[in-house]
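Listed below, chain by chain, are the residues.
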Amino acid sequence: MSLCVQPQVSLKAYNSFAINVTARWFAEAHDDDQVREALVYAEQRQLPLLLLGGGSNMLLTADVEALVLRMASRGVRVLQDDGERALIEAEAGEPWHPFVQWTLQQGLVGLENLSLIPGTVGAAPMQNIGAYGVELQDRFAGLTALDRRSGELREFSLDDCAFAYRDSLFKREAGRWVILRVRFALSRTAALHLDYGPLRQHLAERGIAAPTAVDVGRSICAIRREKLPDPALLGNAGSFFKNPLVSVELAQRLSAEHADLVAYPQADGRVKLAAGWLIERAGWKGFREGDAGVHRLQALVLVNYGQATGPQLLALAQRIQADIFQRFAVALEIEPNVL
Ligand SMILES: Cc1cc2nc3c(=O)[nH]c(=O)nc-3n(C[C@H](O)[C@H](O)[C@H](O)COP(=O)(O)OP(=O)(O)OC[C@H]3O[C@@H](n4cnc5c(N)ncnc54)[C@H](O)[C@@H]3O)c2cc1C
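Residues numbered from 1 in each chain as written. Predicted model: local features only at pLDDT ≥ 70, side-chain atom pairs only at ≥ 80, totals over all residues. Heavy atoms only, no water.

A word on the site of the ligand. In the vicinity of the ligand lie 34 residues, with L51, G53, G54, S56 and T120 positioned nearest. Take G55: an N or O atom from its main chain is 2.8 Å from an oxygen atom of the ligand. Take N57: an N or O atom from its main chain is 2.8 Å from an oxygen atom of the ligand. Taking 990 Å² as the accessible area of the ligand by itself, protein coverage stands at 94%. (Near = heavy atom within 4 Å. Polar contact = N/O pair within 3.5 Å; in protein donor to acceptor, adjacent residues only side chain to side chain. Areas by Shrake-Rupley, 256 points an atom, 1.4 Å probe, with all protein chains shown as cover.)

One finds F241, I320 and V330 to be the most contacted residues of the largest nonpolar core, which totals 48 residues. For this core, the element with the highest residue contribution is helix α8 (residues 310-328), accounting for 7 residues. Mapping this core onto the domain boundaries places at least three of its residues in each of domain 1 (6-71) and domain 3 (235-338). Listed in part, the 40 residues of the second largest apolar core include L108, F140, W177 and I208. (Core = buried A, V, L, I, M, F, W, Y, C linked by side-chain atoms within 4.5 Å. Buried < 20%, exposed > 50% of the residue type's maximum accessible area, 1.4 Å probe, protein only. Helix = DSSP H or I, 4+ residues; strand = E, 2+ residues; numbered from the N terminus. Domains from an automatic or database assignment.)

The first and last C-alpha atoms of helix α1 (residues 32-44) sit 18 Å apart over 13 residues, in line with the 18 Å expected at 1.5 Å per residue. On its buried face, α1 is in contact with β2 (22-29), β3 (49-52), β5 (64-71), β10 (140-147) and β12 (177-187). Its side-chain oxygen at 3.1 Å from the backbone nitrogen of D33, D31 defines the N-terminal cap of α1. Two residues or fewer after α1 comes Q46, characterised by a positive phi angle close to 55°. (Expected span 1.5 Å × (residues − 1). Contact = heavy atoms within 4.5 Å.)

Let us look at the sheet that holds β12. Pairing in this open sheet of 5 strands is antiparallel, and the strands run β6-β7-β12-β10-β11 from one edge to the other. Two strands lie at the open edges of the sheet, namely β6 (76-81) and β11 (153-156), each paired on one side alone. Each strand of the sheet is rotated relative to its neighbour by a mean of 20°, with strand direction disregarded. With 7 bridges connecting them, β10 and β12 associate as antiparallel partners. Across the sheet, the residue bridging to T144 is R181, located in β12. (Pairing = 2+ DSSP bridges. Axes fitted to C-alpha atoms, helices over the stretch in contact; angles between N-to-C directions.)

Turning our attention to helix α6 (residues 248-257). Listed as buried for α6 are L250, A251 and L254. End-on, the buried residues of α6 take up no more than an arc of 100°, which puts them together on one face. Counted as exposed and oriented over 90 degrees from the buried face of α6: E249, Q252 and A256. Packed against the buried residues of α6 are β14 (245-246), β16 (271-273) and α8. (Arc of directions from axis to C-beta.)

No statement about biological role is implied by the geometric values presented.
Structural data, given as structure tokens:
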């Protein structure tokens, strides 16, 4: 099937902030051939090409003068399964959460802590998605990507991807790689990751002493539904700022001033602070200006109450960054891709 390119398409339904900007050109790629076709289409017309998954990690600040290509390829394959360990491959356009649920239905352990993260499989390696003590890199077994510079396919191993906290080679080389499919190493006997306090508490409240991966997945979904606004009801992109990594000296100084500072020492000697704590302490939680605001229950999440524009949300984010820097000498980094 050949690519169907449409002019002037509103992206409101294609980004979780529900920002109403227009794509000059828009198409969906259902397979590798259509991705290649889109690259040729853009090159021949000298158009930039913007890849889109679920649009749940983007802040669109203006109409997009580009060909917006939504990754819509579907398919999940079991490449190996010896009864205990399995190698699973999913196409880039597979919606992430249903994919996680499918793995759990197969009795496979590993992705349960990443339940209910919006978006697609293909975008998950971009920022090495993570939640509740697990990151994509912990279950990653490889991916296939198309190099837009050379037009060639390349296989990536774990080491090739240079994964870090909400970061990867693909994020650093933005615009170069089209991730086509991702592979995961899962197991039927792996230990569950239950370190996160509220997860243990939720399981205990459900009377579950020896949880399965399915139990963990259900609890994670319940906790996330309580804590995070549903983008279908209130536009948002999840955490708007990364948790900042600071020096031990700064962390010690801040904790001397604020006894309840939330801080996690890291293996590299730095200390990770909870961005949400800093923002809440600075009084931004629940702040609203026009339709741009900070969620009333979760200070890390910026929300669009209806008609907020990208520049309005960005301006609010920048005010918060400046205020946090002034109060705590901590530079907050924006997590979503600002376009
Ligand atoms: C309510 C909510 C909760 C969230 N919770 C979490 C969380 O717990 N942990 C977490 O890590 N993130 C979280 N996020 C952020 C987001 O869900 C993830 O970053 C997700 O992986 C984004 O997927 P997407 O398909 O929507 O990507 P998009 O927003 O469409 O794209 C993100 C970036 O990836 C690029 N891209 C997309 N597809 C491809 C591809 N196939 N190849 C190459 N580049 C591509 C895009 O160009 C863009 O630069 C949350 C978001 C929301 C709205």
